[in-house]
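Examination of the molecular architecture
Each chain, written out:
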Amino acid sequence: ELTNLKHAFFGDNRLSGSIPTQLAGAVALMQFEAYNNDFTGTIPDGLTDLPALKRLYIAGNMLTGMLPTTLGVSLKFLDVSDNALSGPLPTQLGNMNLGRAKEIDLS
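The notes below deal with the structure included here. (Residues numbered from 1 in each chain as written. Predicted model: local features only at pLDDT ≥ 70, side-chain atom pairs only at ≥ 80, totals over all residues. Heavy atoms only, no water.)

If you walk through the whole model with that rule in mind, you get three aromatic pairs. Relative to Phe 77, the ring of Tyr 57 has its centre 5.5 Å away and its plane inclined at 75°; by these criteria the two rings are edge-to-face. Separated by 20 residues along the polypeptide, Tyr 57 in strand 5 (residues 55-57) and Phe 77 in strand 7 (residues 77-79) bring together distant segments of the chain. Taken together through their ring pairs, the aromatic side chains of Tyr 35, Tyr 57 and Phe 77 make up a single cluster. (Phe/Tyr/Trp six-rings, centres within 6.5 Å; stacked < 30°, edge-to-face > 60°. Helix = DSSP H or I, 4+ residues; strand = E, 2+ residues; numbered from the N terminus.)

Here it is as structure tokens:
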């Protein structure tokens with residue numbers, strides 16, 4: 001179980017495959033950084049719906065599909081740049097407390 005995991009840092013490695021769906025069980029996760037890897041597939045819905053998640057940094061991968069509609073409103077930092085994401089922005093992005101957001105990069 002990952003229920004007590006608060007920080008997960010996997011940046012600048014050569015990790016490949018999909019982002020593990022088991023992260024959805026990490027209800028205390030505050031930071032997930034897996035930038036500059038070779039992750040493929042879509043962003044798991046359960047990852048963006050974590051109640052404590054403040055920082056999601058998954059730029060520089062080969063992720064495809066749309067941003068999940070479960071995009072959390074508690075995020076203060078969101079960087080999904082340099083992927084192959086497509087489609088409309090989820091309406092939940094407008095529900096983020098943009099006054100508290102520090103950075104949002106969707107390029």
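Our focus in this paragraph is the layout of surface pockets. In this structure, the largest pocket occupies an estimated 150 Å³ of space. Leu 67, Leu 85, Ser 86, Leu 89 and Leu 106 are the residues nearest the centre of the largest pocket, which is lined by 14 residues in total. Residue composition of the lining of the largest pocket, by class: nine nonpolar, four polar and one charged. (1 Å grid on protein atoms, 1.4 Å probe; cavity = no way out; pocket = protein on both sides within 12 Å on 5 of 7 lines; lining within 4 Å. Points joined across faces, edges and corners; volume = space filled by probe spheres on them. Nonpolar A, V, L, I, M, F, W, Y, C, P; charged D, E, K, R; others polar.)

Within the structure shown, the criterion is met by one salt bridge. The shortest N-O distance in the salt bridge between Arg 55 and Glu 33 comes to 2.5 Å. Of this pair, Arg 55 sits in strand 5 while Glu 33 sits in strand 3 (residues 31-33); the two residues are 22 residues apart in sequence, bridging distant segments of the chain. (Salt bridge = Lys/Arg side-chain N within 4 Å of Asp/Glu carboxyl O.)

With that out of the way, let us pick up unusual backbone geometry. Glycine aside, negative phi is the norm for most residues, and most peptide bonds take the trans geometry. Notably, Asp 12 is not glycine yet its phi reads approximately 55°, a positive angle. On the secondary structure map, Asp 12 appears in the loop between strand 1 (7-9) and strand 2 (16-17). Positive phi, close to 55°, is recorded for Asn 36, a residue that is not glycine. Along the chain, Asn 36 turns up in the loop between strand 3 and strand 4 (38-41).

We now examine the sheet that holds strand 6 (residues 62-65). If you walk across this open sheet you meet the four strands as 2-4-6-8, and the pairing is parallel. Of all the strands in the sheet, the pair left with one neighbour each is strand 2 and strand 8 (84-85). Direction of pairing for strand 6 relative to strand 8: parallel, over a ladder of two bridges. Opposite Thr 64, over in strand 8, you have Ala 84 as the bridge partner. (Pairing = 2+ DSSP bridges.)

Turning next to the side chain of Asn 83. Along the chain, Asn 83 falls in the loop between strand 7 and strand 8. At 3.1 Å, the side chain of Asn 83 and the backbone nitrogen of Leu 63 are in polar contact. When sequence neighbours within four positions are dropped, the list of residues in contact with Asn 83 reads Ile 58, Ala 59, Gly 60, Asn 61, Met 62 and Leu 63. (Polar contact = N/O pair within 3.5 Å; in protein donor to acceptor, adjacent residues only side chain to side chain. Contact = heavy atoms within 4.5 Å.)

Scope: geometric values only; no functional claims are made or implied.
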